[in-house]
Amino acid sequence: MGNEISYCITTQNLSIGYTTKDQPIVVASNLNIQLEGGKLVCLLGKNGIGKSTLLRTLTKVQPALKGTVLIKDKPLNLLKNIELSREISVVLTEKLPESNLTVFELIALGRQPYTNWIGKLDVNDLDKINEALEQTNTTHLKHKFYYQLSDGQLQKVLIARALAQDTAIIIFDEPTAHLDIHHTIETFSLLKNLAVKFNKTIIVSTHEINLSLQLADELWLMTPTNFICGETATLIENNSLDQLFDSNLIEFNKTLKQFIIKPSSHF
Amino acid sequence: MPYKIIFPALVVTLILLFFINLSLGSVLIPIKQVFIALINGEVDKDSWKLIVLNYRLPKAITAIIVGAGLSISGLLMQTLFRNPLAGPFVLGISSGASLGVALLILGSSFLGANLTLYGLSVWGQALAASIGSFMVLLAVMAAATKVRNTMSILIIGLMFGSFTSAIISVLAYFSSANELQQFMFWSFGSLGNISWSQIIVLMVVFLFSFVMVLFILKPLNSLLLGENYAKSMGVNIKITRNVTLISTSLITGVITAFAGPIAFIGLAVPHLTKLVFTTSNHKILMPAVAISGAILMLICDSIAQLPSSEFTLPINAITSLFGAPVVIWLLLRKRKLIY
């Protein structure tokens, strides 16, 4: 009994997708995930395969079609919004609406699940905000308006907001889509750092396959036919990555640990 | 902290303008005499006391409530819909009120019923306007449960607006010159002719909505990051949206009922305030917007009285005439519209 592993996120027989009037549209089915805490997970798959749908289902933005999702052994559909907001925080790709928020105010919003009805910040809240600023190396930006920041800086500030929310799980939807290679690697190493040092569970949907292979503890692969999850090294070893794209242009090279252009393809 | 300077300055300006507003009008009453009249003392001329207490005081109080109420409505709409064009007018709530009054005044002959008697009374108009705005609100809310996207609700509100104004045009086409004139006067807007009992109704509704809004200041702040982020921080979007819609339509409905459809304030005051305060924090913006709205309304009313002349201009014309250029000028200077 005592050595039973407790998982951060568990899914059983999960089907994700949309319900229309006539019939449900299944995006992916039979997803069985058992994820331990403190891991960096990269969710890989081609465009339109359903990565965002999966993340939205895990964060209760849309309901599961079938099966269950457990967050720390509690069924997701029984968690109230406010309870869920203390377990999972998110960093989204969507553009922020224009406003006069400062970096400090933006990060402070992450404390909302813990503050009183009017949102008053106490000493503990301020500590968490300052901690988040330090961990993301953004303290010097504190008093700037967020619209004055570069994309790279803004990404770090949004990560700081998620950190201030003080959740065990942080979910990122394509966090490096707008970033150059320097800021992409900076972001990924920050995420790795959060998992290793602060025992956060980080789930990232991304197209940065090479970086994922180097840094991720686990991979979730969404392929056209099935869903594969497992440790990165194991998946490389058993050729699972080849199923990611049913493409006649590229193939996965095990020794190089990256996708290369098929020798047979001519341009 | 600059807020500690700006807020007292605004309050002092408001109080000053309140007394200036009481002193200006067709007859100029010295501010000292206004004071004496207010504390029920001996005034130089008996008529002055009558004018101040029975005419100008209720008008000034109405101006403050109308300005503050419409501005808060505008602020709430702009945050909820994340759209700089949002305001009580855009949701169709004001148009609903207009439709109610139009049906009462213009529709009486059209529908064959003899409603003229009710049409003439201010309470009849107020009731009709409130029912009208509430009906449109119910329709918008019903649509809101079906449509999740707030942008769609905004467009639905706009459609309701054009729908109601189309009906008003039809009614106007078939009604008599007399009825038309009466409706036109209502639609010009007026802060005068409001009794103390109406002011009490205005105040109660305003305070009730104000208290409701206090409880959604926190979720409104998180909505600045968009609905998805707000949800992830535990905000109940549905409740926040409904509280916003209900309090907005209550304030707008009652104000429009008593004072007519007053344009521009709800849309412009939040923009002006945000340009001055450069913050999006609703805990600061809400009182700031309320005070600025009251100030602007008092100024507009003072101008509308055309001091020392016998004429009074429609308040609706003044708010747009003097307000719109101010917003344009501010935007040209700052080049950025924040909502």
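Cut-off values and rules
Residues numbered from 1 in each chain as written. Chains lettered and ligands numbered in written order. Predicted model: local features only at pLDDT ≥ 70, side-chain atom pairs only at ≥ 80, totals over all residues. Helix = DSSP H or I, 4+ residues; strand = E, 2+ residues; numbered from the N terminus. Buried ≥ 20, exposed ≤ 12 C-beta atoms within 10 Å, placed from the backbone. Contact = placed C-beta atoms within 7 Å. Nonpolar A, V, L, I, M, F, W, Y, C, P; charged D, E, K, R; others polar. Core = buried A, V, L, I, M, F, W, Y, C linked by C-beta atoms within 7 Å. Pairing = 2+ DSSP bridges. Axes fitted to C-alpha atoms, helices over the stretch in contact; angles between N-to-C directions. Expected span 1.5 Å × (residues − 1). Parallel < 35°, antiparallel > 145°, perpendicular 65-115°, else oblique.

A. Main features of the overall build of chain A. Looking only at helices and strands, chain A has eight helices and 12 strands in total. Counting only residues that meet the buried cut, chain A has 37% of its 267 residues in that class. For chain A, the proportion of contacts with a sequence separation of at least 24, taken over those separated by at least 6, is 63%.

B. Structural view of the overall build of chain B. The helix and strand inventory of chain B stands at 16 helices and zero strands. A principal-axis box enclosing the C-alpha atoms of chain B has dimensions of 65 × 60 × 35 Å. Here chain B holds 339 residues, and 51% of them are scored as buried.

C. Representation of the interface of chain B and chain A within the structure. Contacts between the two partners involve 23 residues from chain B, matched on the other side by 24 residues from chain A. For the side of chain B that touches chain A, the elements supplying multiple residues, two or more each, are α11 (217-222) and α12 (227-232) of chain B. Partitioning the side of chain B that touches chain A into residue classes produces eight nonpolar, 11 polar and four charged.

D. Geometry of the nonpolar core. Ranked by size, the top nonpolar core spans 159 residues in total, and within it A:Ile107 and A:Ile202 carry the most contacts. A per-element tally of this core places helix α3 (residues 46-81) of chain B first, with 15 residues. Ignoring anything within four residues of it in the chain, the contact list for A:Ile202 reads A:Leu40, A:Val41, A:Ile170, A:Phe172, A:Leu191, A:Leu194 and A:Ala195.

E. Region of the structure containing the sheet that holds strand β2 (residues 24-35) of chain A. All names here are of chain A. A sheet is described by the order of its strands in space; here four strands give the open sequence β2-β1-β4-β5, paired in antiparallel fashion. For this open sheet the edge positions go to β2 and β5 (74-75), each flanked by a neighbour on one side alone. Bridging between strand β1 (residues 9-19) and β2 involves eight bridges; their strand directions are antiparallel. Opposite Ile 16, over in β2, you have Ala 28 as the bridge partner. Its contacts with the sheet put helix α1 (residues 51-58) on β1, β2 and β4 (66-71), and the angle it makes with β1 is roughly 115 degrees.

F. The arrangement of the environment of B:Gly67 in detail. Residues and elements named next belong to chain B. Its place among the elements puts Gly 67 in helix α3. Residue Gly 67 is classed as buried on the basis of its 31 C-beta neighbours within 10 Å. With sequence-adjacent residues up to four places away left out, Gly 67 is seen in contact with Ile 265, Gly 293, Ala 294, Leu 296 and Met 297.

G. Inspection of helix α4 (residues 93-105) of chain B at higher detail. A rise of 1.5 Å per residue sets the reference length of α4(B), with its 13 residues, at 18 Å; its end C-alpha atoms lie 19 Å apart and thus fit the reference within 8%. In terms of residue burial, α4(B) counts as a mostly covered element, since 13 of its 13 residues are buried.

H. Molecular detail of the pairing of β4(A). Residues and elements named next belong to chain A. Judged from the five bridges that link them, β1 and β4 form a sheet pairing that is antiparallel. Pairing of Ser 15 across the sheet is with Lys 66, part of β4. Direction of pairing for β4 relative to β5: antiparallel, over a ladder of two bridges. Among the inter-strand pairings, Ile 71 is bridged to a residue of β5, identified as Lys 74.

I. Structural context of unusual backbone geometry. Residue and element names in this part refer to chain A. With a phi angle near 70 degrees, Lys 60 is a residue other than glycine that sits in the positive phi range. The partly exposed category is assigned to Lys 60, around which 19 C-beta atoms lie within 10 Å. Here the phi dihedral of Asp 73 falls at roughly 70 degrees; this positive angle occurs in a residue that is not glycine. With respect to the element layout, Asp 73 can be found in the loop between β4 and β5.

J. Spatial organisation of the packing of helix α2 (residues 31-38) of chain B against α3(B). Residue and element names in this part refer to chain B. Interhelical geometry of α2 versus α3 gives an angle of 70 degrees and a closest axis separation of 9 Å. By the criterion of interaxial angle, the relationship of α2 to α3 is roughly perpendicular. Residue-level contacts link Gln 33, Val 34, Ala 37 and Leu 38 of α2 to Trp 48, Lys 49, Val 52 and Leu 53 of α3. Class assignment of the residues belonging to the contact of α2 with α3 gives a composition of six nonpolar, one polar and one charged.

K. Examining the sheet that holds strand β6 (residues 88-91) of chain A more closely. Residues and elements named next belong to chain A. Within the open sheet, the six strands sit side by side as β6-β7-β8-β3-β9-β10. Their pairing is mixed. In the strand order of this sheet, the two ends are held by β6 and β10 (227-231), each with one partner. The average undirected angle you get between the axes of adjacent strands in this sheet is 15 degrees. The pairing of strand β7 (residues 169-173) with strand β8 (residues 201-205) spans five bridges and is parallel. Of the residues in β8, the one forming a bridge with Ile 171 is Ile 203.

L. Geometry of the pairing of strand β11 (residues 250-253) of chain A. Alignment of β11(A) against strand β12 (residues 258-261) of chain A, held across four bridges, turns out to be antiparallel. Its bridge partner being in β12(A), A:Glu251 is matched across the sheet by A:Ile260.

M. Helix α13 (residues 237-259) of chain B, seen in detail. Look at α13(B): 32 Å from first C-alpha to last across 23 residues, which is about the 33 Å you get at 1.5 Å a residue. The positive-phi residue at the C-terminal boundary of α13(B) is B:Gly260, with phi of around 85 degrees.

N. Examining the environment of A:Lys21 more closely. All names here are of chain A. Mapped onto the secondary structure, Lys 21 falls in the loop between β1 and β2. The exposure class assigned to Lys 21 is exposed, which follows from the 4 C-beta atoms found within 10 Å. For the pair Lys 21 and Thr 232, spaced 211 residues apart in sequence, the C-alpha to C-alpha distance is 40 Å.

Any functional reading would require information beyond the geometric quantities listed.
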